[in-house]
Amino acid sequence: MQINPLFKKQGRKGAYSFILAINLMTSNKEDVMKRKFVSLVLCFMLVLGLSIPTSAAFEMPVEIPPPGYGEQYSTPENPFNFGPRADKMTPEQEKAAGIVDPFAGIQPFATVEKLCYIAGGSYTVYSTATGSTSKGFVSSRERVWVYNNNSNANRYYIRFLNYGTIDYGYVDKAAVKIPSTSWSAPITTGSISQDYSAGGHAGIDVAAPAGTQVNAVTSVSHRSRIYTGVLNGTTYLVNYGNYIDCTSGGTQVIYAHLSKFTNGTANTTLTSYRSRFTGTESISTVATFTPSAGAKIGEVGNTGWSSGNHLHFETRNASNISTKYDPYTYVVFPGVGY
Ligand SMILES: [Zn+2]
């Protein structure tokens, strides 16, 4: 059993403080019960001290909250930021550029799978395919490149951020969720400013400068659409604002708050209503088109219920739109940081 040394340290400090506090309270020397209790605590600490391994080689840092779940994260400070390189290049591109050979040590069995994400929870990354030596951790919704190492049925070989440094190691397969599609990334730059949360935020927000290219995830019929509503006699761009949607395999995909469409003319004149609009809504379709997967379909904007330039990317059941899906189950955005 490994116990976080910080926990051990804090636990001891807390216990000794407690003993001190009890002793201070016990100014009455006749208070035998309290004395007995202090003795009991001391005995407990003694036992705890003996039972905790004293390996100093493994120093866990202070726990860092995982990214996501509706909170805003500033890109430079977040320790899980993928940095300038981790997602900008695929492992194959890195190898070609001579930066690193991600396949070293696992050839000839490994093949690159795709960018995946970590299932809920924190998992140990191991040094070897079958060993128990830890070399780091991955946390819930952290994104990792996954290689299928056929020499091991139980673990994937992954590329992950080991406290800010790109690293490679093995993780139990249960830790990894693999997106179900081979969709293109809807956006390849920016940072996730708000994550999906079941029952809460219905999509993933990627903050990016106005005009940043938004791409079709797959080659199906898309619609450029404008979402308006009337409030006190004035027409506003509301909710998704200028947006594009498509339906693929029973899933409706929405790219919202755009400034421009590649097909059709987005509305750039109406004022955006910056709260949720619940009045009578009106949606007009200005173009229907079928892009290639990965082709530019529009640009990031700040239209409708939005408070800054970003792409709101949403996936939901096309026949029951109140059922929202986690976009990561379809595509995990390479090139986008937290
Ligand atoms: Zn959003």
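On a predicted model such as this, the values are computed, not experimentally measured, just so you know.

**Description of the overall build of the chain**
Consideration 1: Within the chain, the regular secondary structure consists of three helices and 17 strands.
Consideration 2: Pairs at least 24 apart in sequence give 67% of the contacts found in the chain among residues at least 6 apart.
Consideration 3: When the accessible surface of the chain is summed, it comes to about 16,700 Å², and 55% of that surface belongs to carbon and sulfur atoms.

**Things to note about the pattern of salt bridges**
Consideration 1: In the structure shown here, the tally under the stated rule is nine salt bridges.
Consideration 2: Here R223 and D245 are joined by a salt bridge, their closest N and O atoms 2.7 Å apart. In this pair, R223 is assigned in strand 11 (residues 222-231) and D245 in strand 12 (residues 234-248), connecting sequence segments 22 residues apart.
Consideration 3: A residue is classified by how much of its surface remains accessible, and D245, at 1% relative accessible area, is buried.
Consideration 4: E299 is paired through a salt bridge with K296; the nearest N and O atoms lie 2.8 Å apart.

**Things to note about the coordination of the zinc ion**
Geometry reference: four tetrahedral donors at a metal, ideal angle 109.5 degrees. Six octahedral donors, ideal angles 90 or 180 degrees.
Consideration 1: Coordination sphere of the zinc ion, protein contribution only: H201 (NE2), D205 (OD), D205 (OD) and H312 (ND1), at 1.9 to 2.7 Å.
Consideration 2: Coordination at the zinc ion is irregular, judged from the four donor atoms that bind it and the angles of 53 to 154° they form at the metal.
Consideration 3: The sequence pattern describing where the donors of the zinc ion fall on their chain is H-x3-D-x106-H. Of this pair, H201 sits in the loop between strand 8 (191-194) and strand 9 (203-207) while H312 sits in strand 16 (residues 310-317), placing them 111 residues apart in sequence. With respect to class, H201 is no different from H312; both count as buried.

**Observations regarding unusual backbone geometry**
Consideration 1: In this model, R141 sits at a positive phi of 70°, which is unusual for a non-glycine residue.
Consideration 2: Mapped onto the fold, R141 is located in the loop between strand 3 (134-138) and strand 4 (143-149).
Consideration 3: Overall, the relative accessible area of 4% leaves R141 in the buried class.
Consideration 4: A positive phi angle, near 50°, is found at N232, a position not held by glycine.
Consideration 5: The topology assignment puts N232 in the loop between strand 11 and strand 12.

**Some remarks on the side chain of T303**
Consideration 1: Examined against the element boundaries, T303 turns out to sit in the loop between strand 15 (296-300) and strand 16.
Consideration 2: T303 sits in the buried class, given a relative accessible area of 10%.
Consideration 3: From its side chain, T303 meets the backbone nitrogen of N242 in a polar contact 3.0 Å long.
Consideration 4: Setting aside chain neighbours within four positions, we find T303 in contact with L237, N239, Y240, G241, N242, H257, L258, S272 and R274.

**Thoughts on the nonpolar core**
One recurring pattern in soluble globular proteins: nonpolar side chains tend to sit buried together.
Consideration 1: Counting 40 residues, the largest nonpolar core has I187, Y255, L311, F313 and F333 as its most contacted members.
Consideration 2: At the level of elements, strand 1 (110-118), strand 4, strand 6 (165-172), strand 9, strand 12, strand 13 (251-261), strand 15 and strand 16 are the ones that each hand at least two residues to this core.
Consideration 3: At four residues, strand 13 tops the list of elements feeding residues into this core.
Consideration 4: Built from parts of two domains, this core gets at least three residues from each of domain 2 (91-177) and domain 3 (191-329).
Consideration 5: The residues touching I187, leaving out its near neighbours within four places in the chain, are V206, A208, T212, Q213, N215, V300, L311, F333, P334 and V336.
Consideration 6: Within the second largest apolar cluster, twelve residues are counted, among which are V125, F160, A175 and V176.

**Here's the deal with the packing of aromatic side chains**
Consideration 1: Summed over the entire model, instances satisfying the criterion amount to 15 aromatic pairs.
Consideration 2: Ring geometry for Y147 against Y157: centres 5.4 Å apart, planes inclined by 55°, an arrangement best described as tilted. Taken as a pair, Y147 in strand 4 and Y157 in strand 5 (residues 155-162) lie far apart in primary sequence, ten residues in all. Each member of the pair, Y147 as well as Y157, is classed as buried.
Consideration 3: On the basis of an interplanar angle of 10° and a centroid distance of 4.9 Å, the ring pair of W183 and Y330 is categorised as stacked. You can see W183 sitting in the loop between strand 7 (176-177) and strand 8 and its partner Y330 sitting in the segment after strand 17 (320-325), a full 147 residues away along the chain. No difference in accessibility class separates W183 from Y330, as the two residues are buried.

**Quick word on the confidence of the model for the chain**
Low-confidence regions, as indicated by low pLDDT, have predicted coordinates that should not be scrutinised in detail.
Consideration 1: Counting all residues, the mean pLDDT for the chain is 76, and 66% of those residues have values of 70 or more.
Consideration 2: No element of the chain has a lower mean pLDDT than helix 1 (residues 5-25), which averages 45, and none a higher one than strand 15, which averages 98.
Consideration 3: Across residues 1-24 the pLDDT falls below 50, and counting only partners more than four positions away or on other chains, this stretch makes 27 contacts in the model.
Consideration 4: Low confidence marks residues 45-87, where pLDDT is under 50. Its contacts with residues over four positions away, or in another chain, come to 80 contacts.

**Focus: the environment of D245**
Consideration 1: Residues D245 and T315, spaced 70 residues apart in sequence, show a C-alpha to C-alpha distance of 9.6 Å.
Consideration 2: In this structure D245 touches S221, H222, R223, R225, Q252, V253, I254 and Y255, once residues within four positions along its chain are discounted.
Consideration 3: Within the local environment of D245, its side chain forms a polar contact with the side chain of R225, the two groups lying 3.5 Å apart.
Consideration 4: There is a polar contact of 2.8 Å between the side chain of D245 and the side chain of Q252.

**Quick look at the environment of Y243**
Consideration 1: On the secondary structure map, Y243 appears in strand 12.
Consideration 2: Relative accessible area serves as the criterion here: at 3%, Y243 is assigned to the buried category.
Consideration 3: Setting aside its immediate chain neighbours within four residues, Y243 contacts R223, S224, R225, Y227, I254, Y255, A256, H257, L258, F261 and I283.

Rules and cut-offs
Residues numbered from 1 in each chain as written. Predicted model: local features only at pLDDT ≥ 70, side-chain atom pairs only at ≥ 80, totals over all residues. Heavy atoms only, no water. Helix = DSSP H or I, 4+ residues; strand = E, 2+ residues; numbered from the N terminus. Contact = heavy atoms within 4.5 Å. Areas by Shrake-Rupley, 256 points an atom, 1.4 Å probe, with all protein chains shown as cover. Salt bridge = Lys/Arg side-chain N within 4 Å of Asp/Glu carboxyl O. Buried < 20%, exposed > 50% of the residue type's maximum accessible area, 1.4 Å probe, protein only. Donors = N, O, S within 2.8 Å, 3.2 Å for Na, K, Ca; no water. Tetrahedral: all angles 85-135°; square planar, octahedral: opposite > 155°, others 65-115°. Polar contact = N/O pair within 3.5 Å; in protein donor to acceptor, adjacent residues only side chain to side chain. Core = buried A, V, L, I, M, F, W, Y, C linked by side-chain atoms within 4.5 Å. Domains from an automatic or database assignment. Phe/Tyr/Trp six-rings, centres within 6.5 Å; stacked < 30°, edge-to-face > 60°. pLDDT = per-residue confidence, 0-100.

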